[in-house]
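Okay, here's what each chain looks like letter by letter:
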Amino acid sequence: MIGRYIIFASVHLFVTFSTLKILSIILPCSVTCYCSCAANFLLCLFVAILTFGFTKKRGLNDKIQPSYKAVLITGCDTGFGNALAKQLDTKGFHVFASCLSKNSPGADDLRKSCSDRLKVLEMDVTKDESVKDAVQFVKYNLGTCVLWAVVNNAGIQKGFTTELSRMQDFKDTMEVNAFGPVRVTKAFLPLLKQSKGRVINVASVAGRLPMAHSASYAMSKHACVGFSKSIRLELDVWGIQVISIEPAFFKTPLADPENISKRIDESFEHIDEDIRNDYGDAYFKKFKEKCHHLFGLSFYTSNIHFVIDDIETAVSVQYPDTVYTPCGSIFILIFIKCAQLVPDHLQILFLKFFSNFVGFPKPIKAN
Ligand SMILES: NC(=O)c1ccc[n+]([C@@H]2O[C@H](COP(=O)([O-])OP(=O)(O)OC[C@H]3O[C@@H](n4cnc5c(N)ncnc54)[C@H](OP(=O)(O)O)[C@@H]3O)[C@@H](O)[C@H]2O)c1
């Protein structure tokens, strides 16, 4: 190991000094003269940080041994959680796959298709008692293992256009997506402190970008990203790492067009007559059609392995990134990264353009 550190330190120094040398050759003399000692130092530091980060991640990022390491995942009934439980099981981890209902088809499937290392348990992340019972279950079944990682994956999406959605949609979404990770992380921290393990929060690109017609979801995921950023600083003293997974668009039950249509009907069921008149009946029909079409588009990919592989990496490499943004398409990833980097007013233009491109309807009385 020491040998490899020396090799990588040498590569890192070589790249840093070569870059500086090349810059001093290609930059015109007037610029080089301007490059005072301070500027050279800053440039050197910048390149050094970049190359060290790169070489460390590529060369020294060994995988940890899964034996005697347990991983707790929330929301394993369907989607990412279910697939992740299976993948980590095949890699040799001891998986605690928590499901909203332990009798759900997804829970049955896990019991049938996985090794006997995997244990299915019931946990509703919105209920203190349920989370407490889950902690007892994990403690009782850990045996000689340590709890290495908690993956806060459970999530819901309720509520669309804010004025038309119920207050309850906002509360429910916050309760699962924002307070759920807090409740579960707090409950399992004593075990994670023993293992110096990691907390992995499944947020979303909606945790960094505003999303029209999905404010409840976006605010819950912004809260989740904020939670990860803050506890990362707090838990460092315990040797616990915090990783945020921020997927883009994937075909799972959460983003299924039929499920979305049902949730729109539920959300828009009890709208005041005055508000309904402001929007006009055509709005509701067209909005539903647009959402159905949007969630059915091919940029919602079924290749959820992008997400599952990133979470597996976050669980199993020695030096995980702080943030992963799994995405099915390089173009969408570039769009997302650009939208995140540009100043606010440009970002708003960007997203308005996207909204117009999708063709969301306008309320009849809006000018
Ligand atoms: N799909 C995407 O494009 C996408 C993009 C970005 C982020 N995400 C995030 O990824 C995570 C997984 O979502 P997914 O796409 O795999 O959707 P999913 O298939 O609907 O998975 C979410 C799971 O959470 C469970 N759940 C709901 N409420 C719960 C509660 N109170 N306690 C415990 N579990 C609960 C659901 O159980 P039931 O099936 O019984 O309701 C479901 O199994 C979510 O946090 C989601 O926000 C998804």
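For the structure, see preceding data.
A brief structural summary. Every value quoted in this text rests on a predicted model; they were computed, and no experiment measured them.

### Examining the site of the ligand
Next up, step 1: If you check the shell around the ligand, you find 27 residues, and the closest are G75, G79, A154, G155 and L254.
Next up, step 2: Here the shell around the ligand takes three residues from helix α4 (residues 79-90), the largest share from any one element.
Next up, step 3: Per-class residue counts for the shell around the ligand are 14 nonpolar, 11 polar and two charged.

### Quick word on the nonpolar core
Next up, step 1: Counting residues in hydrophobic clusters, the biggest one holds 55 residues, and the most contacted among them are V71, L72, A97 and V151.
Next up, step 2: Other than its neighbours up to four places away in sequence, V71 contacts L88, F93, V95, W148, A149, V151 and V315.

### Observations regarding the environment of E312
Next up, step 1: Topologically, E312 is positioned in helix α12 (residues 305-316).
Next up, step 2: Every residue in contact with E312, bar those within four places of it in the chain, is listed here: Q87, L88 and K91.

### Structural notes on the sheet that holds strand β3 (residues 119-122)
Next up, step 1: Taken in spatial order, the seven strands line up as β3-β2-β1-β4-β5-β6-β7 in an open sheet, and their pairing is parallel. The open sheet has two edge strands with one neighbour each: β3 and β7 (323-324).
Next up, step 2: Taken together, the four bridges between strand β1 (residues 69-73) and strand β2 (residues 94-99) define a ladder with parallel strand orientation. Bridge assignment links L72 to a residue of β2, and that residue is F96.
Next up, step 3: Sheet strands touched by helix α7 (residues 167-195): β1, β4 (146-152) and β5 (198-202). Its angle to β4, the strand with the most contacts, is close to 160 degrees.

### Concerning the pairing of strand β6 (residues 241-245)
On any regular strand, side chains alternate: one points to one face of the sheet, the next to the other face.
Next up, step 1: For β6, a buried count of five out of five residues is recorded, marking the element as mostly surrounded by other parts of the structure.
Next up, step 2: Both faces of β6 are covered, namely the face carrying Q241, I243 and I245 and the face carrying V242 and S244.
Next up, step 3: Both β5 and β6 contribute to a ladder of five bridges, which runs parallel. Opposite I200, over in β6, you have I243 as the bridge partner.
Next up, step 4: In this structure, β6 lies alongside β7, joined through two bridges in parallel fashion. Directly across from I245, in β7, lies its bridge partner Y324.

### Concerning the environment of T301
Next up, step 1: Tracing the backbone through its elements, the reader meets T301 in the loop between α11 (281-296) and α12.
Next up, step 2: Exposure remark for T301: the 17 C-beta atoms within 10 Å place this residue in the partly exposed category.
Next up, step 3: Sequence separation between T301 and C327 is 26 residues; the distance between their C-alpha atoms is 8.7 Å.
Next up, step 4: Ignoring any residue separated from it by four or fewer positions in sequence, one finds T301 in contact with F250, K251 and G328.

### A few points about the pairing of β5
Next up, step 1: A large share of β5 lies buried, amounting to five of its five residues.
Next up, step 2: On β5, burial covers both faces: R198, I200 and V202 on one face and V199 and N201 on the other are all buried.
Next up, step 3: Bridge analysis of β4 against β5 gives four bridges, and the strand direction is parallel. Counted as the bridge partner of A149 is R198 from β5.
Next up, step 4: With α7 bridging β4 and the parallel β5, this β-α-β connection has right-handed handedness.

### Digging into the packing of helix α9 (residues 257-267) against α11
Next up, step 1: The contact between α9 and α11 brings their axes to 8 Å, and the two run at 155 degrees. Between α9 and α11, the crossing angle belongs to the class labelled roughly antiparallel. Like other packed secondary-structure pairs, α9 and α11 cross with a definite hand, here right-handed. Contacts from P257, I260, S261 and I264 in α9 reach K288, C291, H292, F295 and G296 in α11.
Next up, step 2: A class-by-class count of the residues in the contact of α9 with α11 yields five nonpolar, three polar and one charged.

Conventions adopted
Residues numbered from 1 in each chain as written. Predicted model: local features only at pLDDT ≥ 70, side-chain atom pairs only at ≥ 80, totals over all residues. Near = placed C-beta within 6 Å. Helix = DSSP H or I, 4+ residues; strand = E, 2+ residues; numbered from the N terminus. Nonpolar A, V, L, I, M, F, W, Y, C, P; charged D, E, K, R; others polar. Core = buried A, V, L, I, M, F, W, Y, C linked by C-beta atoms within 7 Å. Buried ≥ 20, exposed ≤ 12 C-beta atoms within 10 Å, placed from the backbone. Contact = placed C-beta atoms within 7 Å. Pairing = 2+ DSSP bridges. Axes fitted to C-alpha atoms, helices over the stretch in contact; angles between N-to-C directions. Right-handed = clockwise from strand over helix to strand, strands pointing away. Parallel < 35°, antiparallel > 145°, perpendicular 65-115°, else oblique. Left-handed = near helix turned anticlockwise from the far one by under 90°.

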